[in-house]
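What follows is the residue order along each chain.
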Amino acid sequence: LSGRGCGGVELSGLWGRGSERGELQPNCSGWTCRAVLGDGHQRTVRRVAWSPCGSYLASASFDGTTCVWKRHEDEFECVATLEGHENEVKSVAWAPSGSLLATCSRDKSVWVWEVDEEEEYECVSVLNAHTQDVKHVVWHPSQELLASASYDDTVRLYREEEDDWVCCASLEGHESTVWAVAFEKGGERLASVSDDRTLRIWRRYNPGNQEGIACNGSDPTWKCVCTLSGYHSRTIYDVSWCHLTGALATACGDDAIRVQLHQGWAALSMKQFPQYPINPSSVTLHCSASVLRTSVEAEPSRRNRPRVSFSRHMSLMALAVFPVSFLE
Amino acid sequence: RAMEHDRALEVYDIIRTIRDPEKPNTLEELEVVTEGGVEVQEIGEDEYLVIIRFTPTVPHCSLATLIGLCLRIKLQRCLPFRHKLEIYISEGTHSTEEDINKQINDKERVAAAMENPTLREIVEQCVTEPE
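Just so you know, the residues in each chain are numbered from 1, in the order the chain's sequence is written. By the order in which they are written, chains take letters starting at A while ligands take numbers starting at 1. Local features are withheld for residues below a pLDDT of 70 in this predicted model, meaning they are given only at 70 or higher, and side-chain atom pairs are given and counted only at 80 or more; totals for whole chains, interfaces and linings count all residues. Computation of side-chain values covers all heavy atoms of the structure but excludes hydrogens and water.

- Identification of chain B as Cytosolic iron-sulfur assembly component 2A from Furnarius figulus is taken from an unreviewed UniProt entry.
- The record in UniProt for chain B states the following under Sequence similarities (unreviewed entry): "Belongs to the MIP18 family."
- UniProt positions are given in the numbering used here, feature names are shortened, and annotations may be inferred rather than shown by experiment. According to the UniProt record, the Subunit (unreviewed entry) comment for chain B is "Monomer and homodimer. Component of the CIA complex. Interacts with CIAO1. Interacts with IREB2. Interacts with APAF1."

- If you look chain A up in an unreviewed UniProt entry, it shows as CIAO1 protein from Furnarius figulus.

### Focus on the domain arrangement of chain A
Residue and element names in this part refer to chain A.
- Domain delimitation in this document rests on an assignment produced automatically or drawn from a domain database. The assigned domain composition of chain A is domain 1 (37-172) and domain 2 (176-264 + 281-289).
- Here the C-alpha centre of domain 2 lies 22 Å away from the C-alpha centre of domain 1.
- The interface of domain 1 with domain 2 comprises 21 residues on the first partner and 18 residues on the second.
- Summed over both partners, the interface of domain 1 with domain 2 buries about 1700 Å², with 65% contributed by carbon and sulfur atoms.
- Among the residues of domain 1 in contact with domain 2, Lys135, Pro141 and Leu171 are the three that bury the most area, contributing 27% of the side total.
- A pair is scored as a salt bridge if a Lys or Arg side-chain nitrogen falls within 4 Å of a carboxyl oxygen belonging to Asp or Glu. Measuring nitrogen to oxygen at the nearest pair gives 2.6 Å for the salt bridge that ties Asp219 to Arg159.
- Polar contacts here mean pairs of N or O atoms no more than 3.5 Å apart (in protein, one a potential hydrogen donor and the other a potential acceptor; neighbouring residues in sequence count only if both atoms are side-chain atoms). Taken together, the links from domain 1 to domain 2 amount to 6 residue pairs in polar contact (both at pLDDT 80 or more).
- Secondary structure is summarised from DSSP: a helix means a run of H or I of at least four residues, a strand means a run of E of at least two, and numbering begins at the N terminus for each. Counting only elements with at least two residues in the side of domain 1 that touches domain 2, the list comes to β12 (134-139), β13 (145-150), β14 (155-161) and β15 (164-171).
- By residue class, the composition of the side of domain 1 that touches domain 2 is 12 nonpolar, 5 polar and 4 charged. Any pair of residues with heavy atoms lying within 4.5 Å of one another is described as a contacting pair. Two parts placed together each lose some accessible area under a 1.4 Å probe, and the buried area is that loss summed for both. Residues are grouped as follows: nonpolar covers Ala, Val, Leu, Ile, Met, Phe, Trp, Tyr, Cys and Pro; charged covers Asp, Glu, Lys and Arg; every other residue, Gly included, is treated as polar.

### Focus: the interface of chain A and chain B
- Taken together, the contact between chain A and chain B spans 26 residues of the former and 19 residues of the latter.
- Taking both partners together, chain A and chain B bury about 1700 Å²; carbon and sulfur atoms supply 38% of that area.
- Taken together, chain A and chain B are joined by 11 salt bridges.
- Where Lys102 of chain B meets Asp153 of chain A, a salt bridge forms, and the shortest distance between an N and an O atom there is 2.7 Å.
- The tally of links from chain A across to chain B stands at 16 residue pairs in polar contact (both at pLDDT 80 or more).
- Classifying every residue of the side of chain A that touches chain B by side-chain character gives 6 nonpolar, 7 polar and 13 charged.

### Observations regarding the packing of aromatic side chains
- Pairing of aromatic rings covers Phe, Tyr and the six-membered ring of Trp, with a centre-to-centre limit of 6.5 Å; geometry is then stacked below 30 degrees between planes, edge-to-face above 60, and tilted otherwise. One pass over the full model with this rule turns up 7 aromatic pairs over all chains.
- With a centroid separation of 5.7 Å and an interplanar angle of 80°, the aromatic rings of Trp139 of chain A and Trp165 of chain A are classed as edge-to-face. Separated by 26 residues along the polypeptide, Trp139 of chain A in strand β12 and Trp165 of chain A in strand β15 bring together distant segments of the chain.
- Measuring from ring centre to ring centre gives 5.0 Å for Trp179 of chain A and Tyr237 of chain A, while their planes differ by 65°; the resulting arrangement is edge-to-face. With a gap of 58 residues between them, Trp179 of chain A in strand β16 (residues 178-183) and Tyr237 of chain A in strand β20 (residues 236-241) connect regions that are remote in the sequence.
- Burial status follows relative accessibility: with a 1.4 Å probe on protein chains alone, a residue under 20% of its type maximum counts as buried, one over 50% as exposed, and anything between as partly exposed. Residue Trp179 of chain A is classed as buried on the basis of its relative accessible area, which comes to 6%.
- Across from the ring centre of Tyr231 of chain A, 5.1 Å away, lies the NZ or CZ of Arg258 of chain A, which sits over that ring.
- A cation sits over an aromatic face here: Arg109 of chain B above Tyr151 of chain A, 4.6 Å from the ring centre. To sit over a ring, a charge needs its Lys NZ or Arg CZ within 6 Å of the ring centre and within 35 degrees of the ring normal.

### Looking at the packing of helix α2 (residues 61-78) of chain B against helix α3 (residues 97-104) of chain B
All names here are of chain B.
- Every axis in this analysis is a line fitted to C-alpha atoms, fitted for helices over the stretch in contact. Angles between the N-to-C directions lie between 0 and 180 degrees. The N-to-C vectors of α2 and α3 enclose an angle of 35°; their axes lie 10 Å apart at closest approach. Seen from above, α2 lies across α3 with right-handed handedness. Contacts from Cys61, Ala64, Thr65, Gly68 and Arg72 of α2 reach α3 at Ile100, Gln103 and Ile104.
- Classifying every residue of the contact of α2 with α3 gives 4 nonpolar, 3 polar and 1 charged. Here a crossing is taken to be left-handed if its near helix is turned anticlockwise relative to the far helix by less than a right angle, and right-handed if that turn runs clockwise.

### Re the sheet that holds β12 of chain A
Residue and element names in this part refer to chain A.
- A pair of strands is labelled paired if DSSP reports no fewer than 2 bridges between them. Spatial ordering of the open sheet is given by β12-β13-β14-β15, a layout of 4 strands whose pairing is antiparallel. Strands at the two margins of the open sheet, each flanked by one partner only, are β12 and β15. Taking the axes of each pair of neighbouring strands and ignoring which way they run, one obtains an average angle of 25° across the sheet.

### A look at the confidence of the model for chain A
Residues and elements named next belong to chain A.
- pLDDT is a residue-level measure of predictor confidence that goes from 0 to 100. Within chain A, residue pLDDT values average 78, and 70% of them lie at 70 or more.
- Here residues 1-6 scores under 50 on pLDDT; set against residues more than four positions off or in separate chains, the count is 16 contacts.
- The model gives residues 267-285 a pLDDT under 50, and that stretch makes 61 contacts with residues more than four places away or in other chains.

### A closer look at the pairing of strand β19 (residues 221-229) of chain A
All names here are of chain A.
- Counted residue by residue, β19 has 8 buried out of 9 residues, so it is predominantly covered.
- When strand β18 (residues 199-205) meets β19, the two strands line up antiparallel, connected through 7 bridges. Each bridged residue has a counterpart across the sheet, and for Trp202 the counterpart in β19 is Cys224.

### So, a negative patch on the surface
- Each patch is built from residues that are more than 30% exposed by relative accessible area and take part in no salt bridge. Like charges join if they lie within 9 Å; nonpolar side chains (Val, Leu, Ile, Met, Phe, Trp, Tyr) join within 5 Å. Methods summary: accessible areas were calculated by the Shrake-Rupley approach with a probe of 1.4 Å, and residue burial reflects only the protein chains presented. Charged-residue counts in this description rest on Lys and Arg as positive and Asp and Glu as negative, His and the chain ends being excluded. By convention, the charge on Lys lies at NZ, on Arg at CZ, on Asp at CG and on Glu at CD. A contiguous patch of negative charge on the surface is contributed by Glu114, Asp116, Glu117, Glu118, Glu120, Glu122, Glu144, Glu160, Glu162, Asp163 and Asp164 of chain A.
- Within the secondary structure, Glu120 of chain A sits in the loop between β10 (110-115) and β11 (121-127).

### Brief notes about the pattern of salt bridges
- Per the counting criterion, the structure on display carries 31 salt bridges over all chains.
- A salt bridge links Glu108 of chain B to Arg46 of chain A; its shortest N-O distance comes to 2.5 Å. Pair noted here: Glu108 of chain B is in helix α4 (residues 107-113) and Arg46 of chain A is in strand β4 (residues 45-50), and the two residues belong to different chains.
- Overall, the relative accessible area of 30% leaves Arg46 of chain A in the partly exposed class.

This is the structure we're talking about:
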């Protein structure tokens, strides 16, 4: 599925029918272009998202609108055009329940939309927590908790309270635009990536937690427990956390994809940089159990063996820096 | 190092003829860009990191971002070698330089700005070489 810059949405799908052979693209084995939704938007389509049930497709565009398309086999019918954002919509995401949609924009706001059985969409909240352009919105895998990433260097979390939505947390730490966030399968951790070239892992501490982290009323507190720096040499634009394997993948402006496998990090497409060597001597991984910090620096001479100082409160942390793994 | 120097000259050759959005002069004539403001580092096999520092003529925010946009667009189109580009306002020349630097290096903001017909027209006029 791809968004196209001239205003159209191009749809590709993998099907088992042989009669489609005439449409086969030479380089895409098995993939054929099934539909082109060219009339929905007037500007770049920035993001597309399938609904959890698979019957609907939402498309977010720089033209300020979000379209919802209903799928009838290979035909798509635009069943709603969500308007309201003042300028470019950057992201759209469906909640796991399928009845909520979130959008965000350069207008600094995050909108939550509700859809009823009659396929009617209604905006139920306009959230103005961010102070700059909002780049990405993503829902918690199982709860109605929303996360947003922004040009204001923060990640914000939102939940429903009575009849409205409120911002219940602000994750601060990144030193530049946060481009994307991803929840871990269980929803207790969040990964964020930024223009500051770091990947951060945030962990949720619920009220009454055994680590003794203070919480505000019934809201959990999120703390940054891991910062991976010195490993990505340019802006990191996207992150994806596999719910099946726990693997974390990052998309970086240095043309490389990096995947954290079970035991450590590997670069799938390697590039040599004079100032960012592949076996870096400057990768620092700051991880903490509760509020304590450990600094790890890779020493090239001690192959893959970090120098780690443990505090006696630390119960975790098997670390091997490049490859790197972090466990709690 | 010689390669990097040659590349820097290539870059400068492309940007010096860009016209200022307001004045009927090139960026070189107005000393908005200088040879010394172009830095090139080799970051891979035939790939270079290009860093440009420019000095806008007036401390007006929108003009500075416009110049940044012109620099980016022209290089995107004309630079023949693989590169990554960073553009900054020379330190100390602008009160909101951090804000401007952040905008002009945000590829999504740049792409969206170039879809604005008015802005695009201005940029086209600044970067297009006269026949």
